[in-house]
Amino acid sequence: MPMKSRIARIVGSTALSLLVLAQAGAAMAKEPADRTQAPEWRYYPKAPSAPKGAPNVLLIMTDDVGFGSASTFGGLIPTPTFDALAKRGLRYNEFHTTAMCSPTRAALLTGRNAHAVASGSITNVAIDEPGYTSVMPKSAATIARVLRDNGYDTAFFGKNHNTPVWETGPMGPFDRWPNGMGFDYFYGFNAAASDQFRPELIENRNAIEPPKDGDYIFDKDMTNHLVDWLRVKWSQKPDNPFFVYLSPGTMHSPHQAPAEWIARFKGRFDMGWDVMRQQIFDRQKQSGTIPANAVLTPRPDAVPAWDSLSPEAKRTYAHQMEVAAAQLAYFDDQLGRVIREIEANGQLDNTMIIYLQGDNGASMDSRRGAVQELQSLIGIEPTEAELIETSDQNGTPHSYSNYNAGWAWAQNAPFPWGKQIASHLGGLRDGLVISWPQRIKATGQVRSQFHHVIDIAPTIYEAAGVVPPAEVDGVQQQPIDGVSMVYSFGNATAPSTRRAQYFEMLGNRSYYKDGWLASTTPPRAPFDRSTTPLDPSTFKWELYNLTQDYSQSRDLAAQHPQKLAELQKDFEEAARRYQVNPIQADLIGRVGAGKRPSLVDGRNQFTYYPGPTRYPQGTFPALAMDWTMRAAITTASTNAKGPIVIIGDEAGGGGLIMQDGRPTYLYNPSGREAERVRLEGEPVSVGRHDVSISVTAAPKVGPRAATIAMIVDGKVVQSQDVAVYYPLRGSGVIGRYNVRTLLENMAEPAMSELAIDRVTFEKSAN
């Protein structure tokens, strides 16, 4: 098309658009100011509308919080927002999860048992078995999808741990991301955990960066976005009810909180975990949270007595708990802002708030705790002396903190064990509060009906007057396994509509039926990182009568062998029905490569280009043994500087950067000085260069040893042997710095006089 014709067409199109807008404005000006009814369209698709009077739904679930953590259930951590919701609602003291993160979340969102929706374990240890792939089927639509199709506006804030790890990269696929699950809006992170000060954020399908603000913390930022979303929703669609799923990372490690909040708890836990557990138990009795005849179960042998510790160790461990308490208390404070916003808008009375305090019991994953907890994932356990030396770093922006397993055990009072242990109530039972002023009149009461996380979805559907569809997008929906809890709102003594439930997590398993619980005996503690698989068929079984023994304290297996055999048979039937088999007890063995689909496994060469993209762990090479990372760069001066490639962060990672014209490689696999390596070349001349980092096995040094070498333009300029080589972990970036720094206080100068053509990773032919 000739240029003159193209210009005329553009001008004509612009003029037409302006004319249409002007006429539309004039038409609006002529309409009566009091017009409230929209015209009845004949052909425009009709938007779905919610049932009349359907409530807003705010679904909240925290992470790794014990039954006895929050003050609402007798804990020593003040949670006034949670307390207030309980006073105008109901507390449920026999509510159960799956004992671990992803499975509980899948069951919560779908109303189906976790194994039935392929989520029998966390996504990070998925295996190629029907109940464990982590690929939630389209035959199990989520609450969000069902409610959205019934006129609700839906949003998700916080932690998403239900997307298969190989699908979390920048190319998706995105149908199992929150937007694909039925949430109109998502703001949070796609991972098991994230740093509170510098999280790897996702907004809908896009990786974004937290602001460089010294006062930034994720729980506040998340709350800001939730409040903003509500305000936009009310301005745009005031008549639609909302469904908001608020799922913070709190209290999963890393335990982090604003310094002033940590200071509030100084000295509060100096009495230690034994006394803390007793105090929680006493408060639970006094508040009517647990039955008067409940028994406090004893400390397991795996947890040391507080009195056996040195004064220095006591102070160190007490500070760990101060940080964790501050984290939960701070989130509760932020949640208060959300409740006040809903109240200020006049919508609190018809908002059903379902608040599950924990997706499993408090986490006993760390033996002693850690300042850099990810060390344990590569087999490095900090000594008590190291913990004492670095105690002041706990909870700071440069930490990845966790606490001693003793604190988790104390918070799971009065029950035995904790997270991962699906055979015992310390791993399964969490405090639940439901508040709905318009409907629940018996406020401030306790409900003791036995229920499970799969019962939340049916409860929401009944409350909203929504019938789950038989088909979604042409896919026949599998049966919902949960039952509604609405019947309990006005009846404290009504028999539970849930009479039976199976539990299984990494070999630990149990079966509940009509007050009886058959449980396997945990063969090792959750923090035991042994790599030898266990045979679940050899686990001993126990038996408890929970109607008389609320806290699972008296094993009756010897007295009632027939009852035990009955429940064991029931478990096997449930295992066949819900895809629980094959049952495996090999957490560490399931972490490695080759267990699940991957964008990196099986490839020998990768090429990446500079840009803003952040590649999550699992979608970026780890620079493993016998691999070479090669950067093609161009310098415009002998003082070139800037990042070339960075993998991971100060908790564990490595990076190739230019510092004053010198190529420099920083290897920081553990966050500890002991494992760090720094390789540095001479300043390079102006022009094109190839800078490589190679990792080569060094069997003469040791079975896991390697030589790390820097090669500039084909010449080895520096190398160093390491006795144990740890592949890099974390997200990868090219030509930019990562979200968290690679080393504490490391300078991060802007890219200057440096251009990156590409970065390749290649596996050695031998």
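Residues numbered from 1 in each chain as written. Predicted model: local features only at pLDDT ≥ 70, side-chain atom pairs only at ≥ 80, totals over all residues. Heavy atoms only, no water.

Student: Would you mind going over the overall build of the protein with me for this structure?
Tutor: Tallying secondary structure elements over the protein gives 13 helices and 29 strands in all. Relative to the 2.2 N^0.38 estimate, which gives 27 Å for 766 residues, the radius of gyration of the protein is 28 Å and therefore close to what a compact globule would have. Each principal axis of the C-alpha atoms in the protein carries an extent, and together these give about 85 × 80 × 50 Å. Within the protein, the proportion of its 766 residues that are buried is 57%. Counted over contacts in the protein with a minimum sequence separation of 6, partners at least 24 positions apart contribute 74%. Here the protein displays about 30,900 Å² of accessible surface, and carbon together with sulfur accounts for 52% of that area. Taking the average location of the 75 positive side-chain charges in the protein and that of its 80 negative ones, the two points are 4 Å from each other. (Helix = DSSP H or I, 4+ residues; strand = E, 2+ residues; numbered from the N terminus. Rg over C-alpha atoms; globule rule 2.2 N^0.38 Å. Buried < 20%, exposed > 50% of the residue type's maximum accessible area, 1.4 Å probe, protein only. Contact = heavy atoms within 4.5 Å. Areas by Shrake-Rupley, 256 points an atom, 1.4 Å probe, with all protein chains shown as cover. Lys, Arg positive; Asp, Glu negative; His and termini not counted. Charge placed at Lys NZ, Arg CZ, Asp CG, Glu CD.)

Student: What's the story with the pattern of salt bridges in this structure? I'm lost.
Tutor: One pass over the structure, following the stated rule, counts 36 salt bridges. Between Arg105 and Asp359 there is a salt bridge; the shortest N-O distance is 3.0 Å. Placement of Arg105 in helix H3 (residues 101-110) and of Asp359 in the loop between strand E9 (351-357) and helix H9 (384-389) is noted, with a sequence separation of 254 residues between them. Arg105 sits in the buried class, given a relative accessible area of 0%. Between Asp153 and Lys233 there is a salt bridge, with the nearest N and O atoms lying 3.0 Å from each other. Note that Asp153 is positioned in strand E4 (residues 153-160) and Lys233 in helix H5 (residues 218-236), a separation of 80 residues in sequence. Residue Asp153 is classed as buried on the basis of its relative accessible area, which comes to 6%. Salt bridges here are not isolated pairs; linked through shared partners, they connect Asp195, Asp649, Glu650, Arg729 and Arg740. (Salt bridge = Lys/Arg side-chain N within 4 Å of Asp/Glu carboxyl O.)

Student: Hey, could you run me through the packing of aromatic side chains in this one?
Tutor: What describes a pair of aromatic rings is the distance from one ring centre to the other and the angle between the planes of the rings. As enumerated under the stated definition, the model contains 35 aromatic pairs in all. With a centroid separation of 4.9 Å and an interplanar angle of 80°, the aromatic rings of Trp273 and Trp306 are classed as edge-to-face. A residue pair is termed long-range when its members are at least 10 positions apart, and Trp273 in helix H7 (residues 272-286) and Trp306 in the loop between H7 and helix H8 (311-344) qualify at 33 residues. Given a relative accessible area of 4%, Trp306 falls into the buried group. Taken together, a centroid distance of 5.8 Å and an interplanar angle of 35° make the contact between Phe606 and Trp627 tilted. In this pair, Phe606 is assigned in strand E19 (residues 605-608) and Trp627 in strand E20 (residues 627-635), connecting sequence segments 21 residues apart. Here Phe606 and Trp627 have matching classes, each one buried. Here the aromatic residues Phe67, Phe73, Phe82, Tyr355, Phe415 and Tyr550 are joined through ring pairs into a cluster of three or more. The ring of Trp261 carries the charged tip of Arg264 above its face, separated from the ring centre by 3.8 Å. (Phe/Tyr/Trp six-rings, centres within 6.5 Å; stacked < 30°, edge-to-face > 60°. Lys NZ or Arg CZ within 6 Å of the ring centre and 35° of its normal.)

Student: Help me understand the sheet that holds strand E8 (residues 242-247), please; the structure alone is not making it clear to me.
Tutor: Either a parallel or an antiparallel arrangement is found when strands of a sheet pair, and the pairing is made through backbone hydrogen bonds. One open sheet holds the 10 strands; their spatial order is E7-E6-E5-E4-E8-E1-E9-E10-E2-E11, and the pairing between them is mixed. The strands lining the two open edges of the sheet, one partner per strand, are strand E7 (206-208) and strand E11 (445-447). Recorded for the sheet is a direction-independent mean angle of 20° between the axes of neighbouring strands. Two strands pair when backbone bridges link them, and strand E5 (residues 185-190) and strand E6 (residues 201-203) are joined in this way by 2 bridges, in the antiparallel orientation. (Pairing = 2+ DSSP bridges. Axes fitted to C-alpha atoms, helices over the stretch in contact; angles between N-to-C directions.)

Student: Got a minute to help me understand the side chain of Asn160 in this structure?
Tutor: Of note, Asn160 is situated in strand E4. Within the structure, Asn160 has its side chain in polar contact with the side chain of Asn190 (distance 2.9 Å). With residues up to four places along the chain from it excluded, the contact list for Asn160 reads Pro178, Met181, Phe186, Phe189, Asn190 and Ala191. (Polar contact = N/O pair within 3.5 Å; in protein donor to acceptor, adjacent residues only side chain to side chain.)

Student: When you look at the confidence of the model for the protein in this model, what are you seeing that I'm missing?
Tutor: A low pLDDT means the predicted coordinates there should not be read in detail. Per-residue confidence for the protein averages 95 on the pLDDT scale, and 95% of its residues sit at or above 70. Within the protein, the element-level pLDDT minimum falls on helix H1 (residues 3-30), averaging 50, and the maximum on strand E1 (residues 56-61), averaging 99. Within the model, pLDDT remains below 50 along residues 31-35, and this stretch shows 0 contacts once partners closer than five positions in the same chain are excluded. (pLDDT = per-residue confidence, 0-100.)

Student: I'm lost on the pairing of E20 in this one. Help?
Tutor: The side chains of a regular strand alternate between both faces of the sheet. Most of E20 sits inside the fold, with 7 of its 9 residues counted as buried. With 9 bridges joining them, E20 and strand E25 (residues 687-697) adopt antiparallel strand pairing. Among the inter-strand pairings, Thr635 is bridged to a residue of E25, identified as Gly687.

Student: Explain the pairing of E5 here, please?
Tutor: Extensive coverage of E5 is indicated by the burial of 6 of its 6 residues. Taken together, the 6 bridges between E4 and E5 define a ladder with parallel strand orientation. Each bridged residue has a counterpart across the sheet, and for Phe157 the counterpart in E5 is Tyr187.

Student: Sorry, what's going on with the nonpolar core here?
Tutor: A general tendency of soluble globular proteins is for nonpolar side chains to be buried together. In this structure, Leu58, Phe157 and Leu246 are the most contacted members of the largest nonpolar core, which totals 56 residues. Ignoring any residue separated from it by four or fewer positions in sequence, one finds Leu58 in contact with Val244, Leu246, Val338, Ile339, Ile342, Thr351, Met352, Ile353 and Ile354. Phe95, Tyr245, Val453 and Ile454 belong to the second largest nonpolar core, which has 45 residues in total. (Core = buried A, V, L, I, M, F, W, Y, C linked by side-chain atoms within 4.5 Å.)

Student: Sorry, what's going on with the sheet that holds strand E27 (residues 715-722) here?
Tutor: The 6 strands are arranged E19-E29-E20-E25-E26-E27 in an open sheet whose pairing can be described as antiparallel. Lying at the two open borders of the sheet, with one neighbouring strand each, are E19 and E27. When the angles between neighbouring strand axes are averaged without regard to direction, this sheet yields 15°. For E20 and strand E29 (residues 754-763), the ladder comprises 9 bridges, and the chain directions are antiparallel.

Student: Please explain H3 as it appears in this structure.
Tutor: One turn of the α-helix equals 3.6 residues, which is why residues spaced by three or four share an orientation. Across the 10 residues of H3, 10 count as buried, placing the element largely inside the fold. Those residues of H3 that fall on the buried side of the exposure criterion are Cys101, Ser102, Pro103, Thr104, Arg105, Ala106, Ala107, Leu108, Leu109 and Thr110. In this fold, the buried residues of H3 make contact with E1, helix H4 (143-148), E4, E8, helix H12 (456-464) and strand E15 (500-505). One or two positions beyond H3, positive phi appears at Gly111, with a value near 75°.

Student: Looking at this structure, I do not really get the environment of Arg105. What am I missing?
Tutor: Taking the C-alpha atoms as reference points, Arg105 and Phe571, 466 residues apart in sequence, are found 22 Å from one another. Leaving out residues up to four positions away in the same chain, Arg105 has contacts with Met61, Thr62, Asp63, Lys159, His161, Asn162, Tyr245, Ser247 and Asp359.

Student: I would appreciate a short explanation of unusual backbone geometry in the present structure.
Tutor: What is expected of a backbone is that most residues other than glycine have negative phi and most peptide bonds are trans. Note that the residue after Ser253, namely Pro254, is joined by a cis bond; omega there is 5°. Within the secondary structure, Pro254 sits in the loop between E8 and helix H6 (259-264). At the junction of Asn581 and Pro582, the peptide bond is cis and its omega measures out at 0° in the coordinates. Along the chain, Pro582 falls in the loop between helix H13 (561-577) and E19. Its identity is not glycine, yet Ala99 carries a phi of approximately 90°, on the positive side. In this structure, Ala99 sits in the loop between strand E3 (95-96) and H3. Classification of Ala99 by relative accessible area gives buried; the value is 0%.

Student: Just to check I follow, could you spell out the packing of H5 against H8 for this structure?
Tutor: If you want to describe how two helices pack, look at the angle between their axes and the distance between the axes. Between H5 and H8, the shortest axis-to-axis distance is 10 Å and the interhelical angle comes to 10°. In terms of orientation, H5 and H8 fall into the roughly parallel class. Facing H5, whose interface residues are Asp219, Lys220, Met222, Thr223, Asn224, Leu226, Val227, Leu230, Arg231 and Trp234, H8 presents Gln327, Tyr330, Phe331, Gln334, Arg337, Val338, Glu341 and Ile342. (Parallel < 35°, antiparallel > 145°, perpendicular 65-115°, else oblique.)

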